[in-house]
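# Structural characterization, general
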Amino acid sequence: MIFTLHIWRQKTTDISGDFVTYQVDNIDDDTSFLEMLDQLNEQLITKGEDCIVFDYDCREGICGACSLVINGHPHGEKSATTTCQLYMREYKNQTELWVEPWRASSFPVIKDLTVDRSSFDRIIQSGGYVSVHTGLAPEANNTLVEKHASDEAFNAATCIGCGACVAVCPNASASLFVSAKISHLALLPQGEIENENRSRRMIKKMGDEGFGSCSNHRHCERVCPKGISLQNITRMNRILG
Amino acid sequence: MLNSFEPNGPLESRWKKHLFDLALVAPQNRDKHKIIVIGTGLAGASLCATLGEAGYRVSSFCFQDSPRRAHSIAAQGGINATKNYQNDGDSVWRLFYDTIKGGDFRARESNVYRLAELSNNIIDQAVAQGVPFAREYSGYLANRSFGGTQVSRTFYARGQTGQQLLLGAYSAMSRQVESGRVTHHSRAEMLEIITIDGKARGVVVRDLVSGELTTHTADCVVLCTGGYSNAYYLSTNAKGCNTSATWRAFKQGAFFANPSFTQIHPTCVPPTVENQSKLTLMSESLRNDGRIWAPKKIEDCEKNPADIKEQDRDYFLERMYPAFANLVPRDVASRAVKHICDEGRGVGAKIHGKRLGVYLDFTDVINKIGLAEVEEKYGNLFEMYERITNEDPYTTPMKIYPAPHYSMGGLWVDYNLMTTLDGLFAGGEANFSDHGANRLGASALMQGLADGYFILPQTIANYLARNTFDNIDEHEQVQQALDLVKDRINKLMHAPDAQYSPEHFHQKLGKILWDACGMSREQARLAQAIDEIKALEIEFWKKIKVTGVDKDLNQTLERAGRVADFIELGILMCKDALNREESCGAHARVEHLSPSGEAKRNDEEFSFVAAWEYQQDEVKLHEEHLHFEFIKPTVRNYK
Ligand SMILES: Cc1cc2nc3c(=O)[nH]c(=O)nc-3n(C[C@H](O)[C@H](O)[C@H](O)COP(=O)(O)OP(=O)(O)OC[C@H]3O[C@@H](n4cnc5c(N)ncnc54)[C@H](O)[C@@H]3O)c2cc1C
Ligand code: SF4
Ligand code: FES
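## Some details on the sheet that holds strand β9 (residues 220-223) of chain B
Residue and element names in this part refer to chain B. The parallel open sheet is built from five strands, whose spatial order is β5-β2-β1-β9-β19. Strands with a single pairing partner mark the edges of an open sheet, and in this sheet they are β5 (182-185) and β19 (424-426). Averaged over all pairs of adjacent strands, the angle between their axes in this sheet comes to 20°, without regard to strand direction. Pairing of β9 with β19, which is carried by three bridges, proceeds in the parallel orientation. Each bridged residue has a counterpart across the sheet, and for Val221 the counterpart in β19 is Leu424.

## Description of helix α3 (residues 147-157) of chain A
Lys147, Ala149, Ser150, Ala153, Phe154, Ala156 and Ala157 of chain A are the residues of α3 of chain A that are buried. On its buried side, α3 of chain A packs onto α5 (175-186) and α9 (231-240) of chain A together with α5 (161-179) and α10 (371-389) of chain B.

## Some details on the site of ligand 2
Close to ligand 2 lie 13 residues; Cys159, Cys162, Gly163, Cys165 and Cys224 of chain A are nearest. For the shell around ligand 2, a count of residues per class yields 11 nonpolar, two polar and no charged.

## Regarding helix α1 (residues 33-47) of chain A
Relative to the 21 Å expected for 15 residues at 1.5 Å per residue, α1 of chain A spans 22 Å between its end C-alpha atoms, a close match to the ideal helical length. Within α1 of chain A, the full set of buried residues consists of Phe33, Leu34, Glu35, Met36, Leu37, Asp38, Leu40, Asn41, Leu44 and Ile45 of chain A. Buried residues in α1 of chain A make contact with β1 (3-9), β2 (18-24), β3 (69-70) and β5 (96-100) of chain A together with α13 (502-517) and α15 (555-579) of chain B. Downstream of α1 of chain A by a residue or two, Gly48 of chain A has a phi angle that is positive, lying close to 85°.

## Focus on the site of ligand 1
All names here are of chain B. Close to ligand 1 lie 38 residues, the nearest being Gln64, Ser72, Gly77, Met190 and Glu429. Between ligand 1 and Gly77, the relevant distance is 2.8 Å, taken from an oxygen atom to a main-chain nitrogen or oxygen of the residue. One nitrogen or oxygen atom from the main chain of Ala444 is found 2.9 Å from an oxygen atom belonging to ligand 1. Relative to its free-state accessible area of 1000 Å², ligand 1 is covered by the protein chains to the extent of 98%.

## A word on the interface of chain B and chain A
Where the parts come together, the accessible area they lose is often given as the size of the interface. Counting from both sides, the interface comprises 75 residues of chain B and, opposite them, 73 residues of chain A. Of the roughly 6300 Å² buried between chain B and chain A on both sides combined, carbon and sulfur atoms contribute 49%. Where chain B meets chain A, there are six salt bridges. Taking the shortest distance from any N to any O, the salt bridge between Glu376 of chain B and Lys147 of chain A comes out at 3.4 Å. Applying the counting criterion to the chain B and chain A interface returns 44 residue pairs in polar contact (both at pLDDT 80 or more). Those elements giving two or more residues to the side of chain B that touches chain A turn out to be α2 (42-54), α4 (109-129), α5, α10, α11 (444-466), α13 and α15 of chain B.

## What about the packing of aromatic side chains?
Counting across every chain of the model gives 34 aromatic pairs over all chains. Judged by centre distance (5.7 Å) and plane angle (75°), the ring pair of Phe105 of chain B and Phe628 of chain B falls under edge-to-face. Of this pair, Phe105 of chain B sits in the loop between α3 (92-102) and α4 while Phe628 of chain B sits in the segment after β21 (618-625), and the two are 523 residues apart along the sequence. Each member of the pair Phe105 of chain B and Phe628 of chain B is classed as buried. An aromatic cluster is present here, built from Tyr228, Trp247, Phe250, Phe256 and Tyr614 of chain B joined pairwise through their rings. Note that Arg103 of chain A overlies the ring of Trp8 of chain A, its terminal NZ or CZ placed 4.1 Å from the centroid. Sitting over the ring of Trp15 of chain B, Arg114 of chain B keeps its end group 4.7 Å from the ring centre.

Basis of the calculations
Residues numbered from 1 in each chain as written. Chains lettered and ligands numbered in written order. Predicted model: local features only at pLDDT ≥ 70, side-chain atom pairs only at ≥ 80, totals over all residues. Heavy atoms only, no water. Pairing = 2+ DSSP bridges. Helix = DSSP H or I, 4+ residues; strand = E, 2+ residues; numbered from the N terminus. Axes fitted to C-alpha atoms, helices over the stretch in contact; angles between N-to-C directions. Buried < 20%, exposed > 50% of the residue type's maximum accessible area, 1.4 Å probe, protein only. Contact = heavy atoms within 4.5 Å. Near = heavy atom within 4 Å. Nonpolar A, V, L, I, M, F, W, Y, C, P; charged D, E, K, R; others polar. Expected span 1.5 Å × (residues − 1). Polar contact = N/O pair within 3.5 Å; in protein donor to acceptor, adjacent residues only side chain to side chain. Areas by Shrake-Rupley, 256 points an atom, 1.4 Å probe, with all protein chains shown as cover. Buried area = accessible area lost by both parts, 1.4 Å probe. Salt bridge = Lys/Arg side-chain N within 4 Å of Asp/Glu carboxyl O. Phe/Tyr/Trp six-rings, centres within 6.5 Å; stacked < 30°, edge-to-face > 60°. Lys NZ or Arg CZ within 6 Å of the ring centre and 35° of its normal.

Printed below as a string of structure tokens:
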């Protein structure tokens, strides 16, 4: 297969970037989107040019590193999928693809397709944990957890912290990400006690980091590769009263 | 002489006794000590959380953009503990026994017993943090059985156990970052250890965004930098996993133990294109219910599996190992699969002329427990498989093939998890400690967390309490370490005849290692591989081409540095494999296999840990002899 790629190139955070057009050919159906970019980078090395920088690590949809907007869609159009899980068989031969980084002021572009998501870490640091001391935990089965609650907590906990929800939101809100962590811990007896305090601190931090607030556009749930549900935002709002 | 500082006496009381003998640092003195932790996967994050909470000043580093993305996040299947919730006769002793036997009698009894002892506390800790392990309708924690054992002792969170455990450790660490006791640096790669008066006292780090090099000093340094399976190029590890930190440590005087002990995991998605960038693991838990088979006749290999009659299918693991059947340990299963494919009975796409795959079939279990329950157990794994292959495992059997997955080898450590370089500790997959020649499923997460939450915090305190630390910020060694790194980067950026990318060299190295030092090894081939890799090394430094500049985010430069270290490690892996004239666990020397293909150990001559010392472009072997006081080494027999 052959593709025309328009890729966002930006040297540093302060210098504004632009799309550069590249041609790739000889792409196999079973080649992944990122492998196609690898192949392009190999060509760039041959030509002596600086490679296109993009984040990735696991390449199996779990680490949350990969983060490309493809033809306007964070993680591409396929639902419940991270960028690294896209295969070229999902695209028609000879299509044009526009590839950009996440765009949100709280995720400044570092270079090319890479953004700085450390604001997410700082939100977790502000309260996304249970305040338990290492070594003092009670016997695990002393606290029973109702299976349904445990499953729901698990579903919320599968957030990979990729930031697609922010990238797609007109307000650049991190509500889905924040509410996923708040819900995960709120649904478990271990985390419930600190609910209110935790939620207030995390929401405040979200604002301080420059993320907008939620006004129900609901795009986030659609692009989330892990299917994190909007119900988490409802639950978070309930906790905040 | 290598001294492992193992305590003696009854096994059950060794760790307790040792804890009592370890010196403590008084709470009010703890913030006078600074500790550097490289790597924030399960081992590193849990260590940072615990040290921070204890009151030490911790500086941590990882190369990803967040600690939450460490490779531990990808672990699927589960974590072992001896809770015996299923009342199936499990105990600390049984987990200890299984691990020693599973490791084919090449691990230290004291360490392994301690690991088994600590396993329960890990589960308590994780549950208290809010790790959502699978539960039964009663609200109690659920368990399943996992490769190589006959009890259900594995705790799991659907197919994302590593993710949930890492997020637990990451959240505990984040709490300490908020408290100010842990200072974390993401997108930062450690490139050298600063050694002063024979002690590890700091590191040189490259800021991966700006390319700036900085030095950091401390009282001691801990490496929790993961494993080196990516030496093979294609593996189940995340793309960034590398050996650079452990290799730098080796070159600064830390011994490297059992480098050839690498695990090839039997259940991975076979490669489908020749230019593939990585392989994906299908959790071993699938072997609990899936049945592995291959066509009996070569001419059936191209057929649709549905058209192959029951009597023409060879359920070879069930045939060869009736007692353990599809649950034999990983090395045994991998070799059997390779054997079938070498006979020409593989299925799936042809890669370099050979079909590399066998079926893993769920028809029987779907008929037995129903689709819904199978989906509950394996839904996300099936989905993962379908995404990659475009085939539906509910209706068409999966295809699987072995892939490099875990490195049992690593930095040699004593019972305190300290390397032979004073003040340099290693935890998690980066050390060699507990898995011998083969790791059992669901035991790496356990080991990483035992190291980080429970062992290292105590042994590091002991080291701090028993040593004095001068201020070394102005020491000339600090500048020398920095210069060493600068010089290396310079060489990578400006090769005399720059032509080829890091990938080019990495793929070549991977192919040599996979052929010579993979699932089966042979004297002549290993010797030849050493020559080939040495030639590759020379070519690398002549022809490596890194575009862009070094004072910038430059992933090509990052990769080039890692490949350079993999090449050197590759030589040591082959040397170690060549030296070990026996088969044990994952190390299968064709000269030492029984007629039915099973590993033949040579306990007389090789019941030791091979610890390699770097000496100016040569390596020297030290043997740590293993003593089995409690379990008599027997022939591993899974028939
Ligand atoms: C696909 C897969 C599935 C698995 N499933 C299971 C399972 O079900 N059960 C089980 O028990 N085990 C499993 N394992 C094994 C287990 O996941 C790993 O052995 C374990 O997570 C390793 O943890 P770690 O903390 O030692 O290292 P890692 O999680 O690999 O972390 C390494 C850390 O070191 C950092 N680092 C490395 N080098 C440098 C450097 N030079 N400078 C700065 N930072 C550096 C990285 O950024 C990272 O933070 C699985 C492994 C794979 C590949
Ligand atoms: S909520 Fe979904 S989209 Fe947002 S960070 Fe988590 S996984 Fe990514
Ligand atoms: S690279 Fe890890 S989720 Fe995509």
